[in-house]
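# Structural description and commentary
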Amino acid sequence: MLLEDFIIAVFCIIDEEMKLIEEQSPLRKRGPEPSLSDSEVLTMEVVGEFLGLSQDKAIFSYFRTHFAHFFPNILKIHRTTFARQAANLWAYKWKLWWKILGRIQADWMISIVDSFPIPVCKLARAHRCRRFTGQASYGYDEMARQIFYGFRAHLRVCWPGVITGIGLAPANVSDIAFAPCLLEGAEGYVLGDRGYWSPSLFNDMLKREISFLAPFRFRSRPWPEVLVRIRRRIETVISQLVGRFNFRQVWARDLWHFISRVIRKVLGHTICVLLCLEMGDSPLRFESLLSP
């Protein structure tokens, strides 16, 4: 589809669900209505993230320049007003994400878990970085084989590739330690990589009636190829979050704005999965959403 059609499709999904959400819990009980509706702001955030625009300033400037005919009131407001309204909608982004999850036919009995690092600054200046003081910490990036300063994003994905759980933890929190929190409410089977191998974790999950499957920490014991292929689905999701949605770029100075931006990236990914399925395409083939 064309970019204009993509924007309209995203807006229709968001506006439909936001009306239902606001009927249950109105966001504003008094005061004037904003120039841009909440659905318009959320649409610009989601489409902007899909296009690789991870900063509020970049999203605002792009739509003000190219799509003011879709959002005419964007010409009447300042960039800071847009950024403030977007940040204040963090709780509604969370509700909207769960509403859209309900529209996707996912297999909740098969979960895949993994994590990836989110550095908040270069390691060389981590000792004088003032952002997220007392919240971020030092950890080890297995892929880059180096220490980093920041957080780890812990992800839970259900088949066929929809994100059903997300959590942020300091970089020094291990996958095993965070797994019980990430799998709250899960059931069925859970697949993890070698970092999740722990007999105590497996026993704790069995008490919740969850079968946790992870390869032995050392490669001396091979894992069934079918499980390897299924688990790789989360690697595709992570590569999309990091590549297309710039998940590892932190453009926030406090945890509140950071969480708001994390949620909108996850929301954008979930909406793209829904659109792919509605088009009858593979759920993670996002390049098919826009015509070349």
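Structure report, in brief. Because the structure is predicted, anything quoted here is derived from the model rather than measured. (Residues numbered from 1 in each chain as written. Predicted model: local features only at pLDDT ≥ 70, side-chain atom pairs only at ≥ 80, totals over all residues. Heavy atoms only, no water.)

### Section: the overall build of the chain
Secondary structure assignment for the chain yields nine helices and six strands. For 292 residues, the compact-globule estimate of 2.2 N^0.38 gives 19 Å, and the chain sits close to it at 20 Å. The 292 residues of the chain split such that 49% are buried. Sequence separation of at least 24 residues holds for 65% of the intrachain contacts in the chain that already meet a minimum separation of 6. When the accessible surface of the chain is summed, it comes to about 14,600 Å², and 54% of that surface belongs to carbon and sulfur atoms. (Helix = DSSP H or I, 4+ residues; strand = E, 2+ residues; numbered from the N terminus. Rg over C-alpha atoms; globule rule 2.2 N^0.38 Å. Buried < 20%, exposed > 50% of the residue type's maximum accessible area, 1.4 Å probe, protein only. Contact = heavy atoms within 4.5 Å. Areas by Shrake-Rupley, 256 points an atom, 1.4 Å probe, with all protein chains shown as cover.)

### Description of a nonpolar patch on the surface
On the surface, Leu123, Tyr138, Tyr140 and Ile147 cluster together into a nonpolar patch covering about 400 Å² of accessible area. Among the residues examined, tyrosine 140 registers a relative accessible area of 42% and is labelled partly exposed. (Patch = residues over 30% accessible without salt bridge, like charges linked within 9 Å, V, L, I, M, F, W, Y side chains within 5 Å. Salt bridge = Lys/Arg side-chain N within 4 Å of Asp/Glu carboxyl O.)

### Here's the deal with the pairing of strand S1 (residues 107-119)
Examined bridge by bridge, S1 and strand S3 (residues 146-159) share 10 bridges and lie antiparallel to one another. The residue bridging valine 113 from the neighbouring strand is arginine 156, located in S3. Taken together, the three bridges between S1 and strand S5 (residues 188-191) define a ladder with parallel strand orientation. The residue of S5 that forms the bridge with isoleucine 110 is tyrosine 189. (Pairing = 2+ DSSP bridges.)

### A few points about the packing of aromatic side chains
Within a pair of aromatic rings, the relevant descriptors are the distance that separates the centres and the angle that separates the planes. Counted under the stated rule, the structure contains 19 aromatic pairs. Seen in terms of ring centroids, tyrosine 62 and phenylalanine 67 are 6.0 Å apart; in terms of plane orientation they differ by 50 degrees. Their pairing is tilted. The exposure class of phenylalanine 67 is buried, given its relative accessible area of 4%. Connected via pairs of aromatic rings, a cluster forms that spans Tyr62, Phe63, Phe67, Phe70 and Phe71. Over the aromatic face of tyrosine 92 sits the side chain of lysine 95, whose NZ or CZ is 5.0 Å from the ring centroid. (Phe/Tyr/Trp six-rings, centres within 6.5 Å; stacked < 30°, edge-to-face > 60°. Lys NZ or Arg CZ within 6 Å of the ring centre and 35° of its normal.)

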